[in-house]
Amino acid sequence: MKCDHEIIKLQVKMMSKYIKYVFLGCLSLILVLLQLSNLFPVIHKPVLATVTTQVNSPTDFVKIGKQRYQREQFVQAIALWQQALDIFIQTEDKINQAAVLGNMALAHQKLGKLELANQTISKSINLLNQNQNPQILAEILNIQGSLQLSQGEAENALNNWKEVTNIYQKIGDQNRVNRSLLNQTQALRVLGLYPQSRKVLEQVNENLQTQPDSQLKVATLLNLGDTWRVIGNFDAAQDVLQQSLEIARKINSPADIDSSLLSLGNAAFAQEKNQDAIKYYQQVIENDNSDSLKLKAQLNLLQIFINTQEWQATKTVLGQIQPQLDKLPVSRTQIYAQVKVAQSLQKIGEKQTAAKILSTAIQTAKTIGDQKSQSYGLGYLGQLYEENKQWQEAQKLTEQALGLSQSNNAGEISYLWQWQLGRIYQAIGNSENAINAYDQAVKTLGFLRKDLVASNSNLQFSFQESIEPIYRELVSLLLENQQTKKSKDIEQENLVKARDLIESLKIAELDNYFQEDCLSGKRAEVDQVDPHAALIYPIILSDRLEVIISLTNQPLHHYSTPIPQAELEKLLQQMRSSLRPNLSNRTRLRIAQKTYNVLIKPTETYLAANNIKTLVFVLDGTMKNIPMAALYDGEKYLIEKYSLAQTPGLQLLSPQPLQNQKLNILVAGISEARQGFTPLPGVEVEVEGIQSEISTQVLFNEEFTTADIENVIRETPFPIIHFATHGQFSSDAEKTFILTWDNRINVKELGELLELRDQDANNPIELLVLSACQTAQGDRRAPLGIAGVAVRSGARSTLATLWSVDDQSAAEFMVEFYRQLAKSKITKAEAIRLAQLKLLQQPKYRNPFYWAPFVLLGNWL
């Protein structure tokens, strides 16, 4: 959970709230009436301590309205601007009417009144169409772009910001050109145009290098650095934010110094570099230049101590923060800070004090007419009552919070209160209402999908706390006591719904992994793919393991095993550890059989009766760390009975058997030690063996550079691409990579690299092979990187390894795999099975360590 250095946020936001990243230059319209030459104020000035009360002209109304807006008293700001607007209407001053309407639209948006904001901005544009003023028009279009993006109209927003850029280029204002370009990157990301977004960011960075040092340059560098942080490019963020700090110090701007330090702290926090983050935040606190910035640093510091469970430090910081709250003017920032402090007090057991602070925050929100802030306060007060098992009051407060958030188009908090209502209904035994509430939460998250993937990379860690549990708890409700259902139709309906929820969760998990909307394949029903395959969905719940099985032309099958999550995860960890070659055979087989009994044994008869030959797993949680091939029934390994594959779900590109095509392979490998990685002498044997079986083009050692592989992939549409080189799968997309002779290619770059090929649907990448990669040590979610590569590469199938395999056994496996593909009319899954069995039959490779880590993801045909 992080606090943005502009506005303190209560929890990690699923919805980026794009206006946060759309430059505050929109507000500069307020100054049009005061001084046209100063349209963009310094962004990071502290909030004014007092406001002027004497009003002599419409300009005064505008000025005071700006002060109210900066204090986040949006209702009051609108009222003041309305008075100014009335005067400008009387004097027929249409330019200033347009300017004021633009500001009002911005305030309406802040309040969640999107329809009113749209109407207001349209009036402003109509006035400017009659009275041309390019500079003001650019500002109004900026605001309209912000509105459009917040309502899912990314393409319209992008077009508006391109027009804004053109206007500023004609005027010759490079600072505003840079800012409008940064706005464009937000729309490009929502549209999924990530390479273009990065190019624009690099262009902005290049533009800034020629600009003179100023507060405007610092502000733009800060926004650029924060943008790099949001999209997960932390090295670029660090460099740019360090530049902003150096310039701020050079021009002696205390507020900008602290803003730069705060952003550097946020970048370190996002990477879980807690000590670096603490250092930056403490500098802001010690500088004490701004009550607002100091409080934000303290709140972020508080979050670190809570995350690391340093309770004494938490209490110390809380004691420092509470007096700071009183120094803030009445505003949304003050309310959010109060709620944040209340949440922290709740975590250390001081519930009564937390409740008092929340009550104060709610009353303050009512006073300034900020319904969204009021919703936050009511919802978290409801959570306190829920925790205290005072269900009636908890329900009442949560329903009030939900009503306010929904009426203000605040989906990013509505889903929290829908989830909370679901928990409350479940606690009081009202399963039907609980399911309905959970359903609504999932639907809200679906609407927010584009915003989810546009949020910052630290959301990965809160995803497991704030999103994933909703899906799992709803699945648990749906599958609870299935055997007692009187109607088979209701049972099937719930099973289908539970399966679809797990599919949706897998998509959301991968979107979150990449911070991008990456799964776009069409859903394929299993009976349209392979009548001899069974799709198996193991679902890990807090108190049991649920398994749903989908077969051709059959109702969904289901069974449940009562095993607590902690016990199951301990067993899975033992299973993974037992696959080391130095462990005794008896111990390993005992653990493998115990795992088999939990996952497969209850459905043995059902699978055999339906003549199933291939098991396709949609694995859950830490199960992804386990090779299903090594499960043991007491006599045989699972791979001796079935072909095996995995998939993130039924998001498959049109399945097509590989044997119908001519096999032509691009093999790129490195056998020598490079970049600190050990040599792989078996790679040379592997490459030569593949060449002996199938038509192959090879890039070996120094020929396997990033530039060379780009050129070859661009020129020839190989159906199979095989990388025999070091690599790593990680739960962090930036740390999932393959090694080239001169570089590392991370998973996102790999996707872009493979997009260079001909995109003709008749020439897809049928198979991507990664033969020497491994999952990151100590990273329980590292196999997510394998699924990430499989999806991002665009390949229909991906063959990868769960750990760094023996060099020689890997070479033998790969040669046999391609021999089977070339000579037999079999599926890819069956070819892998036969290659694994060949290793298994050799005494020196009998241990699963040598043959089990090879996993096939995606299309198994």
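Note that the structure is predicted; figures quoted are calculated from it, not measured.

Lay out the overall build of the protein chain in plain terms, naming residues and giving numbers.
Summing up its helical and strand segments, the protein chain has 34 helices and 13 strands in all. Counting every position in the protein chain, which comprises 861 residues, the buried fraction comes to 62%. Partitioning the contacts of the protein chain with sequence separation of at least 6, the portion at a separation of at least 24 is 69%. Entry remark: accessible area of the protein chain is about 33,000 Å², with carbon and sulfur atoms responsible for 46%.

Hey, could you go over the packing of helix α2 (residues 74-90) against helix α3 (residues 94-110) for me, with residue numbers and the actual values?
Interhelical geometry of α2 versus α3 gives an angle of 160° and a closest axis separation of 9 Å. Considering the angle they form, α2 stands roughly antiparallel to α3. When you trace α2 past α3, the crossing you get is left-handed. For the pair α2 and α3, contact is made by Phe74, Ile78, Trp81, Gln82, Leu85, Phe88 and Ile89 and by Asn96, Gln97, Val100, Leu101, Asn103, Met104, Ala107, His108 and Lys110, respectively. Class assignment for the residues of the contact of α2 with α3 results in 10 nonpolar, 5 polar and 1 charged.

Break down the environment of Lys497 for me, with residues and values.
Take Lys497: it is sitting in helix α24 (residues 488-514). Linking Lys497 and Leu479, residues 18 residues apart in sequence, is a C-alpha distance of 9.7 Å. Beyond its immediate chain neighbours, meaning those up to four positions away, Lys497 contacts Ile435, Asp439 and Leu478.

Talk me through empty space enclosed by the protein; I want residue IDs and the actual numbers.
All told, the structure shown has 7 cavities of 30 Å³ or more when counted by the stated rule. Empty space within the largest cavity amounts to approximately 170 Å³. Looking at the largest cavity, it is lined by 16 residues, and the ones nearest its centre are Lys624, Thr647, Pro648, Ala787 and Leu857. Of all the secondary-structure elements, those providing two or more residues to the lining of the largest cavity are α24 and α31 (784-792).

Can you tell me about the pairing of strand β12 (residues 797-801), naming the residues and giving the values?
Two faces, one strand: in a regular strand the side chains alternate between the faces of the sheet. Across the 5 residues that make up β12, a large majority, 5, are buried. Neither face of β12 is open: one carries Ser797, Leu799 and Thr801, the other Thr798 and Ala800, and all of them are buried. Examined bridge by bridge, β12 and strand β13 (residues 854-858) share 5 bridges and lie antiparallel to one another. Note on β13: the bridge partner recorded for Ala800 is Val855.

Quick one: what's the story with helix α17 (residues 371-387), residue by residue and with numbers?
Between its terminal C-alpha atoms α17 stretches 24 Å, which fits the 24 Å expected from 17 residues at 1.5 Å a residue. A large share of α17 lies buried, amounting to 13 of its 17 residues. Where α17 terminates, the next one or two residues include Lys389, which has phi positive at roughly 60°.

Run through the packing of helix α13 (residues 291-307) against helix α14 (residues 311-327), naming residues and quoting values.
At a minimum axis separation of 9 Å, α13 and α14 run at an interaxial angle of 155°. Comparing the axis directions of α13 and α14 gives the class roughly antiparallel. As α13 runs across α14, the sense of the crossing is left-handed. Contacts between α13 and α14 involve Asp291, Lys294, Leu295, Gln298, Leu299, Leu301, Leu302, Phe305 and Ile306 from the former and Trp311, Ala313, Thr314, Val317, Leu318, Gln320, Ile321, Gln324, Leu325 and Lys327 from the latter. Tallied by class, residues from the contact of α13 with α14 come to 12 nonpolar, 4 polar and 3 charged.

Explain unusual backbone geometry residue by residue, including any values.
Even without a glycine there, the phi angle at Asn252 is positive, about 55°. Here Asn252 shows up in the loop between α10 (234-250) and α11 (254-270). You will see that Glu272, though not glycine, has its phi angle at about 60°, which is positive. Inspection of the secondary structure puts Glu272 in the loop between α11 and α12 (274-287).

Could you give an account of a negative patch on the surface, with specific residues and numbers?
Residues Asp235, Asp239, Glu734 and Glu749 make up a contiguous surface patch of negative charge. Here Asp239 lies in helix α10.

Can you lay out helix α1 (residues 58-70) for me, pointing to particular residues and giving the numbers?
With 13 residues, α1 ought to run about 18 Å at 1.5 Å a step, and its terminal C-alpha atoms sit 18 Å apart, in line with that. Looking at α1, one finds that the buried residues are Pro58, Phe61, Val62, Ile64, Gly65, Lys66, Gln67 and Tyr69. Those residues of α1 that are buried lie in contact with α2 and α3. Following α1 by one or two positions, Glu72 adopts a phi angle in the positive range, close to 65°.

If you had to explain the side chain of Ser414 to someone new, which residues and values would you point to?
Within the secondary structure layout, Ser414 lies in helix α19 (residues 411-427). Owing to a relative accessible area of 4%, Ser414 belongs among the buried residues under this scheme. If we ignore the near neighbours within four places in the chain, the residues touching Ser414 are Leu402, Ser405, Gln406 and Thr444.

Residue-level account of the environment of Arg198, with values.
Considering the arrangement of structural elements, one finds Arg198 in helix α8 (residues 194-208). For the pair Arg198 and Asn233, spaced 35 residues apart in sequence, the C-alpha separation works out to 9.9 Å. With near-sequence residues (within four places) excluded, Arg198 lies in contact with Trp228 and Glu752.

Give me the lowdown on the environment of Ser793, citing residues and values where you can.
Tracing the sequence through the fold places Ser793 in the loop between α31 and β12. In this structure the C-alpha to C-alpha distance between Ser793 and Leu767, which are 26 residues apart in sequence, comes to 9.9 Å. Setting aside chain neighbours within four positions, we find Ser793 in contact with Gly751, Leu754, Ile765, Leu768 and Thr798.

Please provide a residue-by-residue account of the confidence of the model for the protein chain, values included.
Detailed reading of predicted coordinates is not advised where the pLDDT is low. Of all residues in the protein chain, 86% have pLDDT values of 70 or greater, and the mean over the chain is 84. Within the protein chain, the lowest mean pLDDT, 57, falls on helix α21 (residues 449-454), and the highest, 97, falls on helix α18 (residues 391-407). Of the regions scoring below 50 in pLDDT, residues 1-52 engages in 178 contacts with residues more than four places distant in sequence or in other chains. Contacts from residues 454-461, a stretch scored under 50 in pLDDT, to residues over four places away or in other chains number 37 contacts.

Quick one: what's the story with the packing of aromatic side chains, residue by residue and with numbers?
Two aromatic rings are characterised by how far apart their centres lie and by the angle between their planes. Within the structure shown, the criterion is met by 15 aromatic pairs. Residues Tyr637 and Trp851 carry aromatic rings whose centres are separated by 5.0 Å and whose planes lie at 70° to one another, so their mutual orientation is edge-to-face. Here the residue Tyr637 occupies a position in the loop between β4 (614-617) and β5 (643-646), and Trp851 occupies one in helix α34 (residues 848-851), the gap between them amounting to 214 residues. Put simply, the rings of Tyr336, Tyr376, Tyr380 and Trp417 touch in pairs and so form one group of aromatic residues. Note that Arg423 overlies the ring of Trp419, its terminal NZ or CZ placed 4.9 Å from the centroid.

Parameters and conventions
Residues numbered from 1 in each chain as written. Predicted model: local features only at pLDDT ≥ 70, side-chain atom pairs only at ≥ 80, totals over all residues. Heavy atoms only, no water. Helix = DSSP H or I, 4+ residues; strand = E, 2+ residues; numbered from the N terminus. Buried < 20%, exposed > 50% of the residue type's maximum accessible area, 1.4 Å probe, protein only. Contact = heavy atoms within 4.5 Å. Areas by Shrake-Rupley, 256 points an atom, 1.4 Å probe, with all protein chains shown as cover. Axes fitted to C-alpha atoms, helices over the stretch in contact; angles between N-to-C directions. Parallel < 35°, antiparallel > 145°, perpendicular 65-115°, else oblique. Left-handed = near helix turned anticlockwise from the far one by under 90°. Nonpolar A, V, L, I, M, F, W, Y, C, P; charged D, E, K, R; others polar. 1 Å grid on protein atoms, 1.4 Å probe; cavity = no way out; pocket = protein on both sides within 12 Å on 5 of 7 lines; lining within 4 Å. Points joined across faces, edges and corners; volume = space filled by probe spheres on them. Pairing = 2+ DSSP bridges. Expected span 1.5 Å × (residues − 1). Patch = residues over 30% accessible without salt bridge, like charges linked within 9 Å, V, L, I, M, F, W, Y side chains within 5 Å. Salt bridge = Lys/Arg side-chain N within 4 Å of Asp/Glu carboxyl O. Lys, Arg positive; Asp, Glu negative; His and termini not counted. Charge placed at Lys NZ, Arg CZ, Asp CG, Glu CD. pLDDT = per-residue confidence, 0-100. Phe/Tyr/Trp six-rings, centres within 6.5 Å; stacked < 30°, edge-to-face > 60°. Lys NZ or Arg CZ within 6 Å of the ring centre and 35° of its normal.

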